[in-house]
Each structure stands twice: as C-alpha cells, then as structure tokens.
Amino acid sequence: RNTRSSLNHLREADMKREKSNPLIYLAHLVLFLGLSSQALVASAYDDKHDGKGYKPQRGVSVADITAYNGFETLNFALTATGLIDALDTRKRVTLFAPTNEAFEKLAAFLGCESVDELAGDLVAADVLDDVLLDHVTKGRRSPQSLLAEGQVAVLSGNTVAVGAGEDGIYVEGSVNKAVQIRPFITAELRARNGNVLAVNEIIVNVDPTGICGFGT
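Residues numbered from 1 in each chain as written. Predicted model: local features only at pLDDT ≥ 70, side-chain atom pairs only at ≥ 80, totals over all residues. Heavy atoms only, no water.

**Q** Hey, could you run me through empty space enclosed by the protein in this one?
**A** A probe matching the size of a water molecule, rolled over the atoms, marks out where space remains unfilled. Under the defined criterion, the tally for this structure stands at 2 cavities of 30 Å³ or more. In this structure, the second largest cavity encloses a volume near 90 Å³. Residues of the lining of the second largest cavity, tallied by class, amount to 11 nonpolar, no polar and 1 charged. (1 Å grid on protein atoms, 1.4 Å probe; cavity = no way out; pocket = protein on both sides within 12 Å on 5 of 7 lines; lining within 4 Å. Points joined across faces, edges and corners; volume = space filled by probe spheres on them. Nonpolar A, V, L, I, M, F, W, Y, C, P; charged D, E, K, R; others polar.)

**Q** Before we go on, may I ask you to explain the nonpolar core in this structure?
**A** If you look at soluble globular proteins, the nonpolar side chains tend to sit buried side by side. Judged by nonpolar contacts, the single largest core of 41 residues is most densely connected at Ile-65, Leu-87 and Leu-118. Broken down by element, this core gets its largest block of residues, 5 residues, from helix α6 (residues 100-110). In contact with Leu-118, not counting residues within four places along its chain, are Phe-103, Leu-106, Ala-107, Leu-110, Cys-112, Ile-211 and Cys-212. (Core = buried A, V, L, I, M, F, W, Y, C linked by side-chain atoms within 4.5 Å. Buried < 20%, exposed > 50% of the residue type's maximum accessible area, 1.4 Å probe, protein only. Helix = DSSP H or I, 4+ residues; strand = E, 2+ residues; numbered from the N terminus. Contact = heavy atoms within 4.5 Å.)

**Q** So what exactly am I meant to see when it comes to the confidence of the model for the protein here?
**A** The predicted coordinates should not be examined in detail at positions where pLDDT is low. Chain-level statistics for the protein give a pLDDT mean of 79 and a share of 72% at 70 or above. Every residue in residues 2-14 is under pLDDT 50, and counting partners more than four places away or in other chains gives 18 contacts. Low confidence marks residues 16-54, where pLDDT is under 50. Its contacts with residues over four positions away, or in another chain, come to 46 contacts. (pLDDT = per-residue confidence, 0-100.)

**Q** Even after reading the chapter, I still don't get the sheet that holds strand β3 (residues 151-153), so can you show me in this structure?
**A** One key point about sheets: their strands pair by backbone hydrogen bonds, in either a parallel or an antiparallel sense. Spatially, 3 strands are ordered β3-β4-β5 in an open sheet, and the strand pairing comes out antiparallel. Of all the strands in the sheet, just β3 and β5 (168-173) have a single pairing partner and so form its edges. Along the sheet, successive strands turn relative to each other by an average axial angle of 30°, direction set aside. By the bridge criterion, 3 bridges tie β3 to strand β4 (residues 159-165) in an arrangement that is antiparallel. (Pairing = 2+ DSSP bridges. Axes fitted to C-alpha atoms, helices over the stretch in contact; angles between N-to-C directions.)

**Q** In this structure, what is going on with the sheet that holds strand β7 (residues 194-199)? I would like to understand it.
**A** Overall, mixed pairing links the 4 strands, which are arranged β2-β1-β7-β6 in an open sheet. Every interior strand has two partners, whereas the edge strands, β2 (136-138) and β6 (185-191), have only one. Across the sheet, the mean angle from the axis of one strand to that of its neighbour is 20°, orientation sign disregarded. Direction of pairing for strand β1 (residues 93-98) relative to β7: parallel, over a ladder of 6 bridges. Opposite Ala-97, over in β7, you have Ala-198 as the bridge partner.

**Q** In this structure, what is going on with the pattern of salt bridges? I would like to understand it.
**A** Where charged atoms from two side chains of opposite charge come close, those side chains can pair. Per the stated rule, a full pass over the model turns up 4 salt bridges. Close ionic contact of Arg-141 with Glu-149 constitutes a salt bridge, the shortest N to O distance being 2.5 Å. Assessed through its relative accessible area of 46%, Glu-149 is described here as partly exposed. Close ionic contact of Arg-190 with Glu-188 constitutes a salt bridge, the shortest N to O distance being 2.9 Å. (Salt bridge = Lys/Arg side-chain N within 4 Å of Asp/Glu carboxyl O.)

**Q** Please clarify how unusual backbone geometry should be interpreted in this entry.
**A** Here Asp-126, not a glycine, exhibits a phi torsion of approximately 60°, which is positive. Among the secondary structure elements, Asp-126 is positioned in the loop between α7 (115-124) and α8 (128-133). Here Cys-212, not a glycine, exhibits a phi torsion of approximately 55°, which is positive. Mapped onto the elements of the fold, Cys-212 is located in the segment after β7.

**Q** Quick question: what am I supposed to make of the pairing of β7 here?
**A** Moving residue by residue along a regular strand, the side chains alternate between the two faces of the sheet. The buried fraction of β7 amounts to 6 of the 6 residues, a majority that puts the element mostly inside the structure. Across the two faces of β7 the burial is the same, with Gly-194, Val-196 and Ala-198 and Asn-195, Leu-197 and Val-199 all buried. Where β6 lies against β7, 6 bridges are found, and the strand directions are antiparallel. Bridge pairing in β7 places Ala-191 opposite Gly-194.

**Q** How do you make sense of the side chain of Asn-205 when you look at a structure like this?
**A** Within the secondary structure, Asn-205 is located in the segment after β7. A distance of 2.9 Å separates a polar atom in the side chain of Asn-205 from the backbone oxygen of Thr-159. Here Ser-174 takes part through its backbone nitrogen, which lies 3.0 Å from a polar atom of the side chain of Asn-205. (Polar contact = N/O pair within 3.5 Å; in protein donor to acceptor, adjacent residues only side chain to side chain.)

**Q** Could you clarify how one ought to interpret α6 in this entry?
**A** Given 3.6 residues per helical turn, the α-helix brings residues three or four places apart onto the same face. Residues of α6 that are buried include every one of Asn-100, Ala-102, Phe-103, Leu-106, Ala-107 and Leu-110, and no others. Each buried residue of α6 sits inside an arc of 165° when the element is viewed along its axis, so together they form one side. At its buried positions, α6 is contacted by α4 (72-81), β1, α7 and β7. One or two residues past the end of α6 sits Gly-111, with phi positive at roughly 85°. (Arc of directions from axis to C-beta.)

Structure, rendered in structure tokens:
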C-alpha cells in the first residue's frame, strides 16, 4: 500500500509539473507523434543513419525520455526504486521502455485489478528492481545491432532474446518460459547518454507465480 501511495503521489506531482512547463508538453507531443508514426522502419534503426535525422537529443538523458507522454508508469516505477538516477548519469545505456499500455497488458494477463496492484505485488515479491533491470543493457544499441547479436545480457544478470517477426523486431525473456510474451520494438528515441527503444509489452524474465494470484 505504501508503494502504491508513493506511485500515486509521484503521478500527481509529475502532472502538476507537466502542466506548468510548456517545454515538457511540447516534448510529450513530439513523442506522441513519433510513437504513432510507422515511418521508423528497421533500416532507420541502424547506427549508420545517425547523420540522417536520427541524432541523439542534445541535453536529454535516457531518464528524461521516460518522463515523456506514454511512459509515465515506467517513470514512476524507476523513480520509486531509485533507478532513475542511474539512467540519468550512466554513460552509453539502452533502455527497453514499456509504454503505459504495456503495464496495463501485463496487469490484465496476470489477473491484477490495476497497474497499482501489479506494482504492489512486484514490490512485495521483491522483484520490481529485477523486472526493471531486465529492460536495460549496456551500450548505445540499435535494434539492428541487437538483432545481429541474438542473445543480449541485461543489467539484472539475465539475458534477453532478440529476433524478427511479422510485426518487426522483438525482445523477450529467455529465463522464464512460463509466460509467452513477446514485446515488439515500436520506436527508437536517442538520448545524449544512450538509446530508448519503446516496447509494447513488458519483458518477463522472473517467475510471476503469486503476482496477483497468477498460477496459484
């Protein structure tokens, strides 16, 4: 309950700050248009295209991007665990960033009544940090470079599998096979200290048994 209250408090504080800052609003609008566009085809992901309109955003960190519209739930979770500071200061890091809808999908899949209940149960099971770190890998990585590698180490100590499917390039948990979830990369956003790859589902690399009663 304390975690849920903290998340709600963070949400209210961020909404107030967002309304009073037109620059944040503009950044949110730009991101929304970017996520809605299908123009980010696989060839545009390759690092060799950096000089053709895909340069890192000056002064914007990976942590800053998680505060954009569409990633609020991720930002609240990173802030609550203290991992947001690492994403702001660490050099060359790539974040698989679940959208708000990705958290809602996982909550529904596990039988949670809400995203807040999902967050609370992940905290109670002491796996929220691991879930978040399953979404971070070292280096400024493009989807194409990840695809070429196939198996990628993440900061939790686990690995994730990267492959290509009908809907594009996907990244999925390689440790837990009980949950068949395959997040697809939907956009690439470049920051001064790394890349943010938006994904439409959450990477599940932990045992979800007991989360919101799942599997019990």
